[in-house]
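What follows is each chain in one-letter form.
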Number of protein chains: 2
Amino acid sequence: MPDRVKYLIDEQELPDSWYNIAADLPEPLPPVLNPATGEPIGPDDLAAIFPRNLIEQEVSTEREIEIPEPVREVYRQWRPTPLYRARRLERALDTPARIYYKYEGGSPTGSHKPNTSVAQAFFNKQAGIHKLTTETGAGQWGSSLAYAGALFDLEILVYMVKVSLRQKPYRGGLIQTFGANVIPSPSQTTESGRAILAEDPDCNGSLGIAISEAVEAAVKGDKTRYALGSVLNHVMLHQTVIGLEAMKQMELAGDDPDILIGCTGGGSNFAGLIFPFLGQQLRGGRTRRIIAVEPAACPTLTRGRYAYDYGDTSHLTPLLKMHTLGSRFMPPGFHTGGLRYHGMAPLVSHAVSLGLAEPVAKAQLACFEAGVLTARTEGITPAPEATHAIRAAIDEALRCKQEGRSETILFNFCGHGHFDMQAYMDYFAGNLKDHACSEEEIAMALAGLPGAG
Amino acid sequence: MPDRVKYLIDEQELPDSWYNIAADLPEPLPPVLNPATGEPIGPDDLAAIFPRNLIEQEVSTEREIEIPEPVREVYRQWRPTPLYRARRLERALDTPARIYYKYEGGSPTGSHKPNTSVAQAFFNKQAGIHKLTTETGAGQWGSSLAYAGALFDLEILVYMVKVSLRQKPYRGGLIQTFGANVIPSPSQTTESGRAILAEDPDCNGSLGIAISEAVEAAVKGDKTRYALGSVLNHVMLHQTVIGLEAMKQMELAGDDPDILIGCTGGGSNFAGLIFPFLGQQLRGGRTRRIIAVEPAACPTLTRGRYAYDYGDTSHLTPLLKMHTLGSRFMPPGFHTGGLRYHGMAPLVSHAVSLGLAEPVAKAQLACFEAGVLTARTEGITPAPEATHAIRAAIDEALRCKQEGRSETILFNFCGHGHFDMQAYMDYFAGNLKDHACSEEEIAMALAGLPGAG
């Protein structure tokens with residue numbers, strides 16, 4: 001028998017419940033605040049934006065939250081996802097480390113995002129909602145919500161960051177193919193959009209602006225709510241199917257990760273893989289190294305401030321305690337991947353602030369180099385987002401080689417790059433560059449924090 | 001328990017051998033002819049183009065040909081592929097038919113092509129070859145051979161039809177990401193290409209021209225051979241893993257197909273699903289309806305002639321007995337999918353000529369309509385090629401509804417459409433049209449057949 005590379009588990013082993021890390025945190029998550037009063041907000045304050053059942057999940061401290069059967073039924077189309085041993089990558093690196101990856105690119109939209117879009121569509125439908133609004137940057141989330149909307153018969157309206165839609169028209173096409181509407185943001189369809197266009201008619205848009213438009217459209221719409229693809233607690237919750245499956249698969253492989261790695265934009269794919277393992281540790285289990293990898297061009301965890309901030313540019317959201325670069329931070333336009341959000345999931349920020357995870361930042365050229373090596377060894381072309389996790393995994397494997405240590409590394413391969421070939425072509429043509437934010441840029445961005453300056 | 005939608009088999013059930021239909025044909029396949037002498041050619045005549053081990057497979061009449069372990073090891077990355085029951089599509093059609101599909105889009109390049117590219121790369125490497133040349137139209141095959149070349153350390157040179165590379169630059173980017181070279185065809189790098197450019201400097205290219213260039217480059221190169229992604233017997237052979245797995249999975253589903261459907265360009269995905277079932281029938285098993293679906297704009301099986309013809313435009317290949325529109329047939333440029341080859345796999349042509357399969361032609365707008373319905377029900381956006389098989393499956397399911405019959409339909413879902421979103425966007429924008437070749441176009445094309453006119 002040859003060396004095994006793929007660890008599958010049967011669909012009977014699809015988790016019955018999501019794992020809620022709020023049950024095991026050594027200190028509770030700081031509350032969400034009402035910006036007008038500075039007081040913690042209650043579930044009622046969120047009812048115009050989210051349905052009750054999702055608000056309950058958002059504030060729950062139950063350890064296990066059941067996955068409804070209709071959601072499991074859809075999950076089964078592509079889940080459990082495979083866990084791979086990256087033997088060819090290991091050979092190319094000549095490392096004694098054992099590298100594993102959980103591969104989420106086999107979903108209908110090519111990333112981990114449907115894990116939560118399907119759940120959110122189900123719960124909104126159950127709550128009698130007819131329409132969902134959302135924003136999308138690189139388009140992974142927008143296409144995933146469009147897919148889920150098609151399955152649960154919900155109208156979907158996606159505000160897509162204008163520059164991203166221009167760079168990735170095909171993600172817009174995919175959203176349309178699933179039957180959803182896509183509007184370039186900033187747009188004339190909302191007050192937030194009109195205000196920004198009045199100031200700057202050529203504005204390229206940002207995730208923060210698109211969130212403002214989507215929230216406004218949800219609040220003003222009939223039987224309409226807003227859906228977010230990352231950042232919030234219930235999104236992290238839904239993504240834990242990744243890590244719950246991976247734990248069983250690592251057992252099947254007869255191995256146990258010393259190092260866990262995920263890339264972080266809003267934090268959901270990182271949390272999805274890592275929280276079930278971290279929960280074990282918090283309940284007295286083994287301590288592992290946990291690495292959160294972000295782009296050097298949008299260094300939220302490594303150079304941002306852990307503070308209360310808005311989730312959007314027009315300040316329509318409550319205040320979240322999170323690592324942030326300020327809600328008006330604009331990542332440089334030439335950075336090709338997603339991972340461009342100014343903030344970070346409060347749960348991920350909390351874990352980092354408690355010293356439970358190490359944040360690192362990687363520059364984009366080194367990430368594309370890692371992506372190309374992965375394509376040529378493992379045969380899968382990674383999304384630019386995923387290349388950040390891969391870069392960190394490779395760097396750890398090379399350290400293992402230098403130190404002569406045979407550590408076990410597990411990373412989340414959160415999506416394929418089939419919609420990102422322009423970025424690879426730009427990389428091959430030498431048209432990409434690295435960007436490390438200057439001290440001045442960071443200071444200016446942080447000056448925009450509420451209460452700052 | 002809910003209705004089951006996915007039928008997986010364990011990787012231990014990956015077939016040990018490919019199935020060779022030549023062993024069971026009621027009449028042997030007409031021989032390949034040397035165009036100079038009109039005599040059957042022998043293995044020696046092919047040695048400049050293909051390695052010996054693949055030539056042996058090309059002419060073998062052994063029923064089972066072992067899959068080497070290194071090929072099985074690579075297959076296991078994404079195989080066995082899932083077989084799905086299309087319950088949501090059935091509900092949308094309100095049909096009593098049961099629709100199943102074998103899904104090949106989960107491979108590293110998103111189609112069935114790696115089933116043979118991996119095998120061909122392995123056998124060429126084993127034969128001491130250093131470099132492979134090939135052609136590609138829509139790019140599915142070129143990217144698949146590039147992927148296989150990366151795994152087996154072979155240099156890969158891909159001639160890509162110029163108009164396709166312009167329409168689908170990202171398939172070119174994917175080829176490059178796997179480390180292969182891609183040249184727009186016709187090019188100045190070959191005599192064939194130069195001759196065509198001298199006549200028409202703006203020539204858009206065609207598969208036939210690109211084959212000429214790739215064959216020429218192989219024959220003139222050192223330790224270089226040519227690889228073809230369809231048409232030839234050994235390619236059909238490698239694709240039979242699809243049908244061999246599907247047979248086990250239909251058993252697992254406790255069902256048995258009454259109708260088998262595949263789309264046909266060169267014939268390989270059709271043959272891959274269908275030949276193992278057809279072989280059963282030829283050995284005395286059950287007779288099923290077998291439907292080969294081609295585009296109305298390139299109606300090789302339905303309106304071509306079953307005759308000896310060249311495989312390429314410059315007439316560098318031997319003569320193959322096949323359904324053909326003539327080696328200089330140019331399918332209309334606005335037809336967006338692959339499936340544009342003038343000829344057809346001799347084995348598929350032979351089966352059709354013996355009455356073992358029904359050919360049908362489908363127009364492109366109806367195919368895109370079927371593709372959109374599939375995306376919105378099954379959640380997978382099909383490649384334009386695959387929409388032809390889906391259209392036929394839907395039409396059969398609607399017939400079942402009309403007749404009140406509960407038949408079982410199985411089709412090959414040969415690839416996803418993530419690289420084809422421009423075609424979907426053109427469809428939504430109303431920029432696509434149907435094209436049925438006129439009698440004059442067909443007559444003119446057929447006049448180019450050897451010995452004709």
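Above this text you will find the structure in question.
Residues numbered from 1 in each chain as written. Chains lettered and ligands numbered in written order. Predicted model: local features only at pLDDT ≥ 70, side-chain atom pairs only at ≥ 80, totals over all residues. Heavy atoms only, no water.

Caption draft 1: Looking closely at the overall build of chain A. From N to C terminus, chain A includes 19 helices and 15 strands. For a compact globule of 453 residues, the expected C-alpha radius of gyration is about 22 Å, and chain A comes in at 20 Å, within 12% of that figure. Here the C-alpha coordinates of chain A stretch approximately 60 × 50 × 45 Å along the principal axes. Evaluated residue by residue, chain A yields a buried proportion of 66% over its 453 residues. Within chain A, residue pairs in contact and separated by at least 24 positions form 77% of the contacts whose partners lie at least 6 positions apart. Within the structure as shown, chain A displays about 15200 Å² of accessible surface, and the carbon and sulfur contribution to it stands at 50%. (Helix = DSSP H or I, 4+ residues; strand = E, 2+ residues; numbered from the N terminus. Rg over C-alpha atoms; globule rule 2.2 N^0.38 Å. Buried < 20%, exposed > 50% of the residue type's maximum accessible area, 1.4 Å probe, protein only. Contact = heavy atoms within 4.5 Å. Areas by Shrake-Rupley, 256 points an atom, 1.4 Å probe, with all protein chains shown as cover.)

Caption draft 2: Inspection of the sheet that holds strand β5 (residues 98-103) of chain B at higher detail. Residues and elements named next belong to chain B. Strand order in the open sheet formed by 7 strands is β1-β4-β5-β15-β10-β11-β14, and the pairing between neighbours is mixed. Across the chains shown, the open sheet's two edge strands, defined by having one partner strand only, are β1 (6-7) and β14 (358-362). Inspection of the sheet shows β5 paired to strand β15 (residues 408-413) by 6 bridges, in the parallel sense. Looking at the pairing, Lys102 lines up with Asn412 of β15. (Pairing = 2+ DSSP bridges.)

Caption draft 3: Local environment of helix α1 (residues 52-59) of chain B. Along α1 of chain B, the positions that sit buried rather than exposed are Asn53, Leu54, Ile55, Gln57 and Glu58 of chain B. In this structure, the buried residues of α1 of chain B make contact with β2 (17-19), β3 (64-66), α4 (114-126) and α10 (233-239) of chain B.

Caption draft 4: Layout of the side chain of Asn124 of chain A. All names here are of chain A. As for its position among the elements, Asn124 is in helix α5 (residues 114-126). A relative accessible area of 0% means that Asn124 is categorised as buried. The residues touching Asn124, leaving out its near neighbours within four places in the chain, are Pro51, Leu54, Ile129, Leu132, Leu154 and Arg225.

Caption draft 5: Main features of the sheet that holds strand β8 (residues 181-185) of chain A. Residues and elements named next belong to chain A. Overall, parallel pairing links the 4 strands, which are arranged β8-β7-β6-β9 in an open sheet. On the outer flanks of this sheet lie β8 and β9 (224-226), each paired with one strand and no other. Geometrically, the sheet is characterised by an average inter-axis angle of 25 degrees between neighbouring strands, direction not taken into account. Where strand β6 (residues 131-136) and β9 come together, 3 bridges link them in parallel fashion. (Axes fitted to C-alpha atoms, helices over the stretch in contact; angles between N-to-C directions.)

Caption draft 6: Spotlight on the packing of aromatic side chains. Residue and element names in this part refer to chain A. Summed over all chains, the structure comprises 33 aromatic pairs over all chains. Here Tyr7 and Tyr100 contribute two aromatic rings whose centre-to-centre distance is 6.5 Å and whose plane-to-plane angle is 50 degrees, an arrangement assigned as tilted. With Tyr7 in strand β1 (residues 6-7) and Tyr100 in strand β5 (residues 98-103), the pair connects residues that are 93 residues apart, well separated along the chain. Taken together, Tyr84, Tyr101, Tyr103, Phe411 and Phe413 form an aromatic cluster joined through their ring pairs. (Phe/Tyr/Trp six-rings, centres within 6.5 Å; stacked < 30°, edge-to-face > 60°.)

Caption draft 7: Structural view of the nonpolar core. Among the nonpolar cores identified, the biggest contains 120 residues, and Trp18, Tyr75, Phe275, Val348 and Leu410 of chain A together with Trp18 and Tyr75 of chain B are the most heavily contacted of them. With 32 residues, the next largest nonpolar core counts Tyr19, Leu301, Ala345 and Val352 of chain B among its residues. (Core = buried A, V, L, I, M, F, W, Y, C linked by side-chain atoms within 4.5 Å.)

Caption draft 8: Seen up close, the relation of the copies chain A and chain B. It takes a turn of 180 degrees to lay chain A on chain B, together with a shift of 0.0 Å along the axis; the resulting RMSD is 0.0 Å. Such a turn and shift between the copies fits a two-fold axis. A high fraction, 100%, of the interface residues of chain A reappear at the interface in chain B, so the copies pair face to face through one surface. (Least-squares fit on C-alpha atoms with pLDDT ≥ 70 in both.)

Caption draft 9: Local environment of the pairing of strand β11 (residues 289-295) of chain A. All names here are of chain A. Counting buried positions along β11 yields 6 of 7 residues, so the element is predominantly enclosed. Pairing analysis gives 5 bridges linking strand β10 (residues 259-263) to β11, with the strands arranged parallel. The residue bridging Cys263 from the neighbouring strand is Val293, located in β11. The parallel pair β10 and β11, bridged by helix α13 (residues 268-282), forms a crossover whose chirality is right-handed. As judged from the 5 bridges shared by β11 and strand β14 (residues 358-362), these two strands associate in the parallel manner. (Right-handed = clockwise from strand over helix to strand, strands pointing away.)

Caption draft 10: Geometry of the pattern of salt bridges. Scanning all chains against the criterion turns up 60 salt bridges over all chains. Among the ionic pairs, Arg391 of chain A bridges to Asp395 of chain A, the shortest N-O distance being 2.8 Å. One end of the pair, Arg391 of chain A, and the other, Asp395 of chain A, are both in helix α17 (residues 384-403), 4 residues apart, so they sit about a helical turn from each other. Residue classification places Arg391 of chain A among the buried residues on the basis of a relative accessible area of 10%. Asp395 of chain A sits in the partly exposed class, given a relative accessible area of 26%. Note that Glu407 of chain B and Arg399 of chain B form a salt bridge whose closest N and O atoms lie 2.8 Å from each other. (Salt bridge = Lys/Arg side-chain N within 4 Å of Asp/Glu carboxyl O.)

Caption draft 11: Fine view of the packing of helix α16 (residues 364-378) of chain A against α17 of chain A. All names here are of chain A. In contact at an axis separation of 8 Å, α16 and α17 are set at 85 degrees when each is read in the N-to-C sense. In terms of orientation, α16 lies roughly perpendicular with respect to α17. For the pair formed by α16 and α17, the contact residues are Ala366, Cys367, Phe368, Glu369, Ala370, Gly371, Leu373 and Thr374 on the first element and Pro384, Thr387, His388, Ile390, Arg391 and Ile394 on the second. Taken together, the residues of the contact of α16 with α17 sort by class into 8 nonpolar, 4 polar and 2 charged. (Parallel < 35°, antiparallel > 145°, perpendicular 65-115°, else oblique. Nonpolar A, V, L, I, M, F, W, Y, C, P; charged D, E, K, R; others polar.)

Caption draft 12: Looking closely at helix α9 (residues 207-220) of chain B. All names here are of chain B. The end-to-end C-alpha distance of α9 is 20 Å, a good match for the 20 Å that 14 residues give at a rise of 1.5 Å each. Of all 14 residues in α9, 11 are buried, a share of seventy percent or more. Looking at α9, one finds that the buried residues are Gly208, Ile209, Ala210, Ile211, Ser212, Glu213, Ala214, Val215, Glu216, Ala217 and Ala218. Contact partners of the buried residues in α9: β6 (131-136), β7 (155-161), β8 (181-185), α8 (191-199) and β9 (224-226). (Expected span 1.5 Å × (residues − 1).)

In short, the description is geometric, and any link to function would need to be established separately.
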